[in-house]
Amino acid sequence: MTNNYPEWLECRFNPGNMEADTLVALIAGLPFNSFMEDDIFLLAYIGKNEFTDEVIKEVDDICAEFGISYEVNQMEQKDWNAEWEANFPPVVVKDICTIVAPFHTDAEIIGRKIVLSPKMAFGTGHHETTYGMIVKMDELDMRDKKVLDFGSGTGVLSIFASMKGANPIDAIDIEGPAYDNMLDNFKLNEIDNIVPILGGGEKIDADGLYDVILANITANVILDHLD
């Protein structure tokens, strides 16, 4: 029996002395769908049909420049989204909020309820940085504040900002899968005051002033866009 699941490749990078998040920043512009750390390795996942000769050359050039080695493995062909969903437990951020997926119908909700459709985009609340951002945001008065969520991922921080009364909100991400995912998540949470933007720093409203900037991204990207 055959299936119609897409074929995926796992690129296993050995970053050496380089921080994993720095390597992610270097290859984030390529069509990788998601990243995860495994001991000393950075694992990057990409559709087999997207791992073109052009992409391979760009990866090889980056690795050659920074002394990084990598290998590519064919992944088992199965429903990886279902696999991801099965390993997506609810996240309780103190007494602030509970982050659940649509299939968590019986989860106990503490604080505000945020619903995320798990599509392997960064920012589900499981990572310490997302958790920490929410804790810090809870300390801020965000009512009627203009907010920029730079590197929005799932859009969870934009959603929480909206729940705290922020308005308007710009949510920017360079990754197509993240952009599509945050659109789904805004609908799931019935949020309509967030402007989703696909792109990088060039999409920021240079003439506008933001009261709050959320930037849960790597330090070098923040430094590159300080102006």
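Higher on the page you've got the structure.
Residues numbered from 1 in each chain as written. Predicted model: local features only at pLDDT ≥ 70, side-chain atom pairs only at ≥ 80, totals over all residues. Heavy atoms only, no water.

(A) View of the overall build of the chain. In terms of regular secondary structure, the chain is built from seven helices and 11 strands. Across the 227 residues that make up the chain, the buried fraction comes to 42%. For the chain, the exposed area adds up to about 12,500 Å²; of that, 50% sits on carbon and sulfur atoms. (Helix = DSSP H or I, 4+ residues; strand = E, 2+ residues; numbered from the N terminus. Buried < 20%, exposed > 50% of the residue type's maximum accessible area, 1.4 Å probe, protein only. Areas by Shrake-Rupley, 256 points an atom, 1.4 Å probe, with all protein chains shown as cover.)

(B) Looking closely at the sheet that holds strand 4 (residues 69-74). If you trace the four strands from one edge of the open sheet to the other, you get 2-3-1-4, paired in antiparallel fashion. Edge positions in the sheet fall to strand 2 (34-38) and strand 4, since each has one partner strand and no second. Neighbour-to-neighbour, the strand axes of this sheet turn through a mean angle of 25°, independent of strand direction. Sheet analysis places strand 2 next to strand 3 (residues 41-47), joined by five bridges and oriented antiparallel. Paired with Ser-34 across the bridge in strand 3 is Tyr-45. In the packing of helix 2 (residues 53-66) onto the sheet, the strands contacted are strand 1 (8-14), strand 3 and strand 4, and the crossing angle to strand 4 comes to about 150°. (Pairing = 2+ DSSP bridges. Axes fitted to C-alpha atoms, helices over the stretch in contact; angles between N-to-C directions. Contact = heavy atoms within 4.5 Å.)

(C) Summary view of the layout of surface pockets. Considered as a void within the structure, the second largest pocket measures approximately 320 Å³ in volume. In the lining of the second largest pocket, the residues fall into nine nonpolar, three polar and two charged. (1 Å grid on protein atoms, 1.4 Å probe; cavity = no way out; pocket = protein on both sides within 12 Å on 5 of 7 lines; lining within 4 Å. Points joined across faces, edges and corners; volume = space filled by probe spheres on them. Nonpolar A, V, L, I, M, F, W, Y, C, P; charged D, E, K, R; others polar.)

(D) Inspection of the packing of aromatic side chains at higher detail. Under the counting rule described, the total for this entry stands at two aromatic pairs. Summarising the aromatic geometry, the rings of Phe-13 and Phe-32 are spaced 6.3 Å apart at their centres and angled 75° between planes, so their arrangement reads as edge-to-face. Within this pair, whereas Phe-13 is found in strand 1, its partner Phe-32 is found in the loop between helix 1 (20-27) and strand 2, the two being separated by 19 residues in sequence. Here the two residues Phe-13 and Phe-32 agree in accessibility, since each one is buried. Geometrically, the ring pair formed by Phe-13 and Tyr-70 is stacked, given 5.2 Å between the ring centres and 25° between the ring planes. Of the two residues, Phe-13 is situated in strand 1 and Tyr-70 in strand 4; the sequence distance between them amounts to 57 residues. According to the relative accessible area criterion, Phe-13 is buried, its value standing at 0%. (Phe/Tyr/Trp six-rings, centres within 6.5 Å; stacked < 30°, edge-to-face > 60°.)

(E) Local environment of the environment of Met-182. Looking at where Met-182 falls in the secondary structure, it is placed in helix 6 (residues 176-188). On the basis of relative accessibility, which here comes to 0%, the residue Met-182 falls in the buried class.

(F) Looking closely at the state of the cysteines. A full pass over the atoms with the stated rule returns zero disulfides. Cys-63 forms no disulfide, and the closest cysteine sulfur to it belongs to Cys-11, at a distance of 8.9 Å. Residue Cys-63 is classed as buried on the basis of its relative accessible area of 5%. (Disulfide = S-S within 2.5 Å.)

(G) Representation of the sheet that holds strand 7 (residues 112-115) in the model. Across the sheet, three strands lie side by side as 5-6-7; this open sheet has mixed pairing. The two strands at the open ends of the sheet, each matched to only one other strand, are strand 5 (91-93) and strand 7. Put simply, the sheet's adjacent strands are angled 20° from each other on average, direction ignored. Pairing between strand 6 (residues 97-100) and strand 7: four bridges, direction parallel. Across the sheet, residue Cys-97 finds its bridge partner in strand 7, namely Arg-112. On the sheet, helix 5 (residues 156-163) packs against strand 6 and strand 7 and is oriented at approximately 145° with respect to strand 7.

(H) View of the pattern of salt bridges. Under the definition given, this model contains four salt bridges. Glu-7 is the salt-bridge partner of Lys-48, the closest N and O atoms lying 3.7 Å from each other. With Lys-48 in the loop between strand 3 and helix 2 and Glu-7 in the segment before strand 1, the pair connects residues that are 41 residues apart, well separated along the chain. (Salt bridge = Lys/Arg side-chain N within 4 Å of Asp/Glu carboxyl O.)

(I) Representation of the pairing of strand 3. Within strand 3, six of the seven residues are buried, leaving the element largely enclosed by the surrounding structure. Relative to strand 3, strand 1 runs antiparallel, the two being bridged by six bridges. Among the inter-strand pairings, Cys-11 is bridged to a residue of strand 3, identified as Ala-44.

Function cannot be read off these values alone, since they describe shape.
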